[in-house]
Amino acid sequence: MSTRTPFDPKSPAAAAVRATLRARESSLRTEVAAAGQALAPTDEGGREVKDQKDEATLREMGEVGAAGIERDLAELREIGIALRRLDEGRYGLCLDCDEPIAAARLAAEPFAVRCAACQTLTEQARARR
C-alpha cells in the first residue's frame, strides 16, 4: 500500500479542489431546496387534480422529482466525504488500493474516492448482488 498524499490539505491545489467542491455543494443544496418546494403540496389549488390522467401525471412528476432529489443528496454525501478526505490529506488516494487516482478522473469527478480500476470492480460487485 502506498502512503503518498497527492494533495497537501493546505496547498493551493487543495484550495482549488475545495472551492470546486464547495461550489457544487452550494448548487446542489439550492437545487434540492427548490425541488422540495416544487414537490410540496399546495393548499391554493395549484395542484388541483381534475381527472385520473392529471393524477397520473402529477404522480409521475413527483417520482421523477424525488429521484432527482435522491441523486442530488447522494452527490452531496459524496462531496462531504471528499471534503473530509481533503482535510485529512487522503484526497486523491483510492479508498481501496491506496494508489493515486488519475488527475483526469478527479478533474471529471472531483468527489471520486476510487481509482477507475477499483471503481469498476466495485460496480461489478454491486451488479452481481
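Sequence order sets the numbering: in each chain, residues are counted from 1 along the sequence as written. The predicted nature of this model means local features are confined to residues of pLDDT at least 70 and side-chain atom pairs, given and counted, to a pLDDT of 80 or more, with totals for whole chains, interfaces and linings taken over all residues. Each side-chain value is worked out from all heavy atoms of the structure, with water and hydrogens disregarded.

Chemist: Describe the pattern of salt bridges, naming the residues involved and giving the relevant values.
Modeler: We define a salt bridge as a side-chain nitrogen of Lys or Arg found within 4 Å of a carboxyl oxygen belonging to Asp or Glu. In the structure shown here, the tally under the stated rule is nine salt bridges. Notably, a salt bridge pairs Arg24 with Glu31, separated by 3.9 Å at the nearest N-O pair. Overall, the relative accessible area of 34% leaves Glu31 in the partly exposed class. As a salt-bridge pair, Glu109 and Arg105 come within 3.9 Å of each other at their nearest N and O atoms. When accessible area is computed with a 1.4 Å probe and restricted to protein chains, residues below 20% of their type maximum are described as buried, those above 50% as exposed, and intermediate ones as partly exposed.

Chemist: Summarise the confidence of the model for the chain; cite the residues concerned and give the values.
Modeler: Confidence scores labelled pLDDT are given residue by residue by the predictor and lie between 0 and 100. The pLDDT averaged across the chain works out to 82; a share of 74% of its residues lies at or above 70. A helix here means a DSSP run of H or I that spans at least four residues, while a strand means a run of E at least two residues long, and both kinds are numbered starting from the N terminus. For the chain, helix H2 (residues 52-88) is the element with the lowest average pLDDT, namely 79, and helix H4 (residues 116-128) is the one with the highest, namely 96.

Chemist: If you had to explain the layout of surface pockets to someone new, which residues and values would you point to?
Modeler: A pocket, in this scheme, is an open set of points on a 1 Å grid over the protein atoms alone with protein on both sides within 12 Å along at least 5 of 7 lines, while a cavity is a set where a 1.4 Å probe fits but cannot get out; residues line either one if an atom lies within 4 Å of a point. Grid points are joined across faces, edges and corners, and a volume is the space filled by probe spheres set on the points. Estimated volume of the largest pocket: approximately 250 Å³. As for the largest pocket, its lining consists of 13 residues, and the residues nearest its centre are Glu78, Phe111, Val113, Arg114 and Gln119. For the lining of the largest pocket, the elements supplying multiple residues, two or more each, are H2 and H4. Examining the composition of the lining of the largest pocket, we find that four residues originate from one element, H2, more than from any other. Residues are sorted three ways: Asp, Glu, Lys and Arg are charged, Ala, Val, Leu, Ile, Met, Phe, Trp, Tyr, Cys and Pro are nonpolar, and all the rest, Gly among them, are polar. Here the lining of the largest pocket is built from residues that sort into six nonpolar, one polar and six charged.

Chemist: Can you explain the side chain of Arg85? Please cite residues and give values.
Modeler: For Arg85, the position within the fold is in helix H2. Glu88 provides the closest opposite charge to the buried, unpaired Arg85, separated from it by 5.9 Å. Side-chain polar atoms of Arg85 contact the backbone oxygen of Leu93, separated by 2.3 Å. Beyond its immediate stretch of four places on either side in the chain, Arg85 contacts Arg90, Tyr91, Leu93, Cys94, Leu95 and Val113. A residue counts as positive if it is Lys or Arg and as negative if it is Asp or Glu; His and the chain ends are not included. As used in this structure description, the phrase polar contact means that two N or O atoms lie within 3.5 Å; if the pair is within protein, one of them must be able to donate a hydrogen and the other to accept it, and residues adjacent in sequence are counted only when both atoms belong to side chains. Two residues form a contact once any of their heavy atoms are found within 4.5 Å.

Chemist: Quick one: what's the story with the environment of Pro100, residue by residue and with numbers?
Modeler: Summarising the element assignment, Pro100 is placed in the loop between H2 and helix H3 (103-108). On a C-alpha basis, the gap between Pro100 and Arg90 in space is 9.6 Å, while along the polypeptide they are ten residues apart.

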